[in-house]
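Chain by chain, the residues:
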Amino acid sequence: MDYKYIEQLLDRYFEGETTLQEEQILKAFYGQAPADLPQELGQYAPLFAVLGERESLGSDFDERILAMTEGTDSPAAPETVQVKARVISLAERLRPLFGAAAVVAILLTLGLAINQSFRQDDTWVDAEEYAQRGLEVATGEPAMAYEQTKDSLTRVGEGPATTVQMPDSLLGVSIN
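How each quantity is defined
- Residues numbered from 1 in each chain as written.
- Predicted model: local features only at pLDDT ≥ 70, side-chain atom pairs only at ≥ 80, totals over all residues.
- Heavy atoms only, no water.
- Salt bridge = Lys/Arg side-chain N within 4 Å of Asp/Glu carboxyl O.
- Helix = DSSP H or I, 4+ residues; strand = E, 2+ residues; numbered from the N terminus.
- Buried < 20%, exposed > 50% of the residue type's maximum accessible area, 1.4 Å probe, protein only.
- Arc of directions from axis to C-beta.
- Contact = heavy atoms within 4.5 Å.
- Patch = residues over 30% accessible without salt bridge, like charges linked within 9 Å, V, L, I, M, F, W, Y side chains within 5 Å.
- Areas by Shrake-Rupley, 256 points an atom, 1.4 Å probe, with all protein chains shown as cover.
- Lys, Arg positive; Asp, Glu negative; His and termini not counted.
- Charge placed at Lys NZ, Arg CZ, Asp CG, Glu CD.
- pLDDT = per-residue confidence, 0-100.
- Axes fitted to C-alpha atoms, helices over the stretch in contact; angles between N-to-C directions.
- Parallel < 35°, antiparallel > 145°, perpendicular 65-115°, else oblique.
- Left-handed = near helix turned anticlockwise from the far one by under 90°.
- Nonpolar A, V, L, I, M, F, W, Y, C, P; charged D, E, K, R; others polar.
- Core = buried A, V, L, I, M, F, W, Y, C linked by side-chain atoms within 4.5 Å.
- Phe/Tyr/Trp six-rings, centres within 6.5 Å; stacked < 30°, edge-to-face > 60°.

Student: Would you explain the pattern of salt bridges in this entry?
Tutor: It is possible for side chains of opposite charge to pair when their charged atoms get near one another. Scanning the entire structure with this criterion turns up three salt bridges. In this structure, the salt-bridge partner of Glu-22 is Arg-12, at a minimum N-O distance of 2.7 Å. Highlighted residues: Glu-22 in helix H2 (residues 20-30) and Arg-12 in helix H1 (residues 4-15), separated in sequence by ten residues. In this structure Arg-12 comes out as partly exposed when scored by relative accessible area, which is 30%. With its nearest N and O atoms 3.6 Å apart, the salt bridge here joins Asp-60 to Arg-64.

Listed below in structure tokens is the structure:
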């Protein structure tokens, strides 16, 4: 028996070019007993057996799809839920930014408070307090202040290799 027509239909079927009638011919051909099929064409029998078992969409398929997409009250259409749009005000949109700004403000406030607590010794004091600490610059001897400034600038000009401990005129502590 010559099965060239079935082979041509199979080629067209796998390329997606068959009509519904030609697919019906292939289903009918593969619907016969597997022993009656030629060996080279029998390998496609499971494919058409599954396709034969597939249920059809039905004649009212188009109406059911249209009813679902248009939201009409059809018995086949699922229940639709109405969703109302919600208007979001500018304050609601910026609410996350308000929270972030509050966190930044708290961190800055805490940072400044901690910084001030560590800098209590750096406060400005009047001339009498400097005199009580024994600093010559604060007692009113400008010639001595001039000499100390001149020595400091000379040492800075010489470079960092010659570091000498000298009192800081403002804080009363030694620096290197």
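Student: Honestly, H2 in this entry has me stumped. Any pointers?
Tutor: The periodicity of an α-helix, 3.6 residues per turn, causes residues three or four positions apart to be oriented the same way. Listing the buried residues of H2 in full gives Glu-22, Leu-26, Phe-29 and Tyr-30. Around the axis of H2, the buried residues are gathered within 90° of arc, so they sit on the same side. Exposed and facing more than 90 degrees away from the buried side of H2 are Leu-20, Gln-21 and Ala-28.

Student: Help me out: how do you make sense of the environment of Glu-22 in this one?
Tutor: On the accessibility criterion, Glu-22 (13% relative accessible area) is buried. For Glu-22 and Leu-10, which are twelve residues apart along the polypeptide, the C-alpha to C-alpha distance reads 9.5 Å. Apart from the residues within four sequence positions on either side, Glu-22 is in contact with Tyr-5, Leu-9, Arg-12 and Glu-17.

Student: What should I look at first to understand a negative patch on the surface in this one?
Tutor: A surface patch of negative charge is lined by Glu-7, Asp-11, Glu-15, Glu-17 and Glu-40. One can find Asp-11 in helix H1.

Student: Just to check I follow, could you spell out the confidence of the model for the protein chain for this structure?
Tutor: Should pLDDT be low for a region, the predicted coordinates there are not to be read in detail. Taken residue by residue, the protein chain gives an average pLDDT of 75. The fraction at 70 or more is 66%. Of all secondary-structure elements in the protein chain, the lowest mean pLDDT belongs to strand E2 (residues 174-175), at 52, while helix H5 (residues 90-118) reaches the highest, 90.

Student: Looking at this model, I keep getting lost on a nonpolar patch on the surface. Mind explaining?
Tutor: A cluster of nonpolar residues, Leu-90, Leu-94, Leu-97 and Phe-98, forms a patch on the protein surface that exposes about 410 Å² of accessible area. Looking at where Leu-97 falls in the secondary structure, it is placed in helix H5. On the basis of relative accessible area, Leu-97 is assigned to the exposed category, the value being 54%.

Student: Could you clarify how one ought to interpret the packing of H1 against H2 in this entry?
Tutor: Describing two packed helices takes the angle between their axes plus the distance from one axis to the other. Axis separation between H1 and H2 bottoms out at 10 Å; the angle between their running directions is 120°. On the basis of their axis angle, the class for H1 and H2 is oblique. Seen along the crossing, H1 lies across H2 with a hand that is left-handed. Every residue of H2 that contacts H1 at Tyr-5, Ile-6, Leu-9, Leu-10, Arg-12 and Tyr-13 is listed here: Glu-22, Glu-23, Ile-25, Leu-26, Phe-29 and Tyr-30. Tallied by class, residues from the contact of H1 with H2 come to nine nonpolar, no polar and three charged.

Student: Could you clarify how one ought to interpret the nonpolar core in this entry?
Tutor: Side chains of nonpolar character tend, in soluble globular proteins, to be buried together. Counting residues in each nonpolar core, the largest one holds twelve residues, listed as Tyr-3, Ile-6, Leu-9, Leu-10, Tyr-13, Leu-26, Phe-29, Tyr-30, Leu-37, Leu-41, Ala-45 and Phe-48. Elements represented by at least two residues in this core include exactly H1, H2 and helix H3 (45-53). Among the elements that make up this core, the one with the highest residue count is H1 (four residues). When sequence neighbours within four positions are dropped, the list of residues in contact with Leu-9 reads Thr-18, Glu-22, Ile-25 and Leu-26.

Student: Which parts of the structure should I look at to understand the packing of aromatic side chains?
Tutor: Applying the stated criterion across every chain, the model contains four aromatic pairs. Taking 5.3 Å as the distance between ring centres and 50° as the angle between the ring planes, the aromatic pair formed by Phe-14 and Tyr-44 counts as tilted. Of the two residues, Phe-14 is situated in helix H1 and Tyr-44 in the loop between H2 and H3; the sequence distance between them amounts to 30 residues. For Tyr-44, a relative accessible area of 27% corresponds to the partly exposed category. Measuring from ring centre to ring centre gives 5.1 Å for Phe-29 and Tyr-30, while their planes differ by 85°; the resulting arrangement is edge-to-face.

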